[in-house]
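The primary structure of each chain is shown beneath.
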Amino acid sequence: TVSTEFDVKADSVLAAKYSLGFTSFVVAMLITLVYAVSLASSKYCIQPIENIMQMMADFANNPLDKMKTLKITSSEHAETSELVQSISKIASLLQIGFGEAGAAII
């Protein structure tokens, strides 16, 4: 009988090193992408909504004061700009419709 043994330890070690390197690369890319998405969502979603909420809170505290409108000129924020303009128009109509006597209602 003939018996043969193969030493595959070196190949296994090399494969493990490549696997570790690839896994590290994937983790680094995931961390980078999560950070990029977090920045983008904060800039385009969270911050405009917080600004609008602050604008509404200021209006609720003093309904007779002229509403501060946010100046948004970028075409990337067109929807946000339209929303701010709509809220400002509704606030102006409420101020005109209710007047000083209705400030408590607003």
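Please refer to the structure higher up on the page.
Here we summarise the structure given alongside this text. (Residues numbered from 1 in each chain as written. Predicted model: local features only at pLDDT ≥ 70, side-chain atom pairs only at ≥ 80, totals over all residues. Heavy atoms only, no water.)

### A look at the overall build of the chain
Stated formally: A run of H or I in DSSP counts as a helix once it spans at least four residues, and a run of E counts as a strand once it spans at least two, with each numbered from the N terminus. Note on contacts: a residue pair is in contact if any heavy atoms of the two residues lie within 4.5 Å.
Of the regular secondary structure elements, the chain holds two helices and zero strands. Of the contacts made within the chain by residues no fewer than 6 positions apart, 54% connect residues no fewer than 24 positions apart.

### Quick look at the environment of Gly99
Here Gly99 shows up in the segment after α2 (78-98). The spacing of Gly99 and Pro63 is 36 residues in sequence and 9.5 Å in space, taken between C-alpha atoms. For Gly99, the residues in contact, after removing those within four places along its chain, are Leu64 and Leu94.

### Focus on the nonpolar core
Test applied: By nonpolar core is meant a set of buried Ala, Val, Leu, Ile, Met, Phe, Trp, Tyr and Cys residues that side-chain atoms within 4.5 Å join together. A simple rule labels every residue: compare its accessible area, found with a 1.4 Å probe on the protein chains alone, to the largest value its type can have, and call it buried under 20%, exposed over 50%, or partly exposed in between.
Ile52, Met55, Phe59, Met67, Val84, Ile87 and Ala91 together form the largest nonpolar core, which totals seven residues. Listing elements by their share of this core, those giving two or more residues are α1 (9-61) and α2. Beyond its immediate sequence surroundings of up to four residues, Ala91 is in contact with Phe59 and Met67.

### Looking at the packing of α1 against α2
So the rule is basically this: Note on definitions: angles span 0 to 180 degrees between N-to-C directions of axes, and those axes are lines fitted to C-alpha atoms, for helices only across the stretch in contact. Should an angle fall under 35 degrees it is called roughly parallel, over 145 degrees roughly antiparallel, and 65 to 115 degrees roughly perpendicular, with every other angle called oblique. Three classes are used: nonpolar for Ala, Val, Leu, Ile, Met, Phe, Trp, Tyr, Cys and Pro, charged for Asp, Glu, Lys and Arg, and polar for all others, with Gly counted as polar.
Direction vectors running N to C along α1 and α2 enclose 10 degrees, while the axes themselves pass 11 Å from each other. By the angle between their directions, the pair α1 and α2 is classed as roughly parallel. Where α1 abuts α2, its residues Pro48, Ile52, Met55, Met56 and Phe59 lie against Thr80, Leu83, Val84, Ile87, Ala91, Leu94 and Gln95. Of the residues in the contact of α1 with α2, the class split is ten nonpolar, two polar and no charged.

### Focus on α2
Rules: Under the convention used throughout, the expected extent of a helix is 1.5 Å for every residue step, that is, one less than its residue count. Directions from the helix axis toward the C-beta atoms define the arc.
The end-to-end C-alpha distance of α2 is 30 Å, a good match for the 30 Å that 21 residues give at a rise of 1.5 Å each. Taken as a whole, α2 has its buried residues at Thr80, Ser81, Val84, Ile87, Ser88, Ala91 and Gln95. Relative to the axis of α2, the buried residues are bounded by an arc of 130 degrees and lie together on one face. Facing away from the buried surface of α2 by more than 90 degrees, the exposed residues are Glu79, Glu82, Lys89, Ile90, Leu93, Ile96 and Gly97. Turning to α2, the residues buried within the fold contact α1. One or two steps after α2, the chain reaches Gly99, where phi turns positive at roughly 65 degrees.

### What to know about α1
Rules: Bend is computed residue by residue as the angle between axes fitted to the seven residues ending at the residue and the seven residues starting at it.
Under the 1.5 Å per step criterion, the end-to-end length of α1 is 74 Å for 53 residues, consistent within 8% with the ideal 78 Å. If you look at α1, its biggest bend is around 45 degrees, right at Ser42. Summarising the contacts, the buried residues of α1 are in contact with α2.

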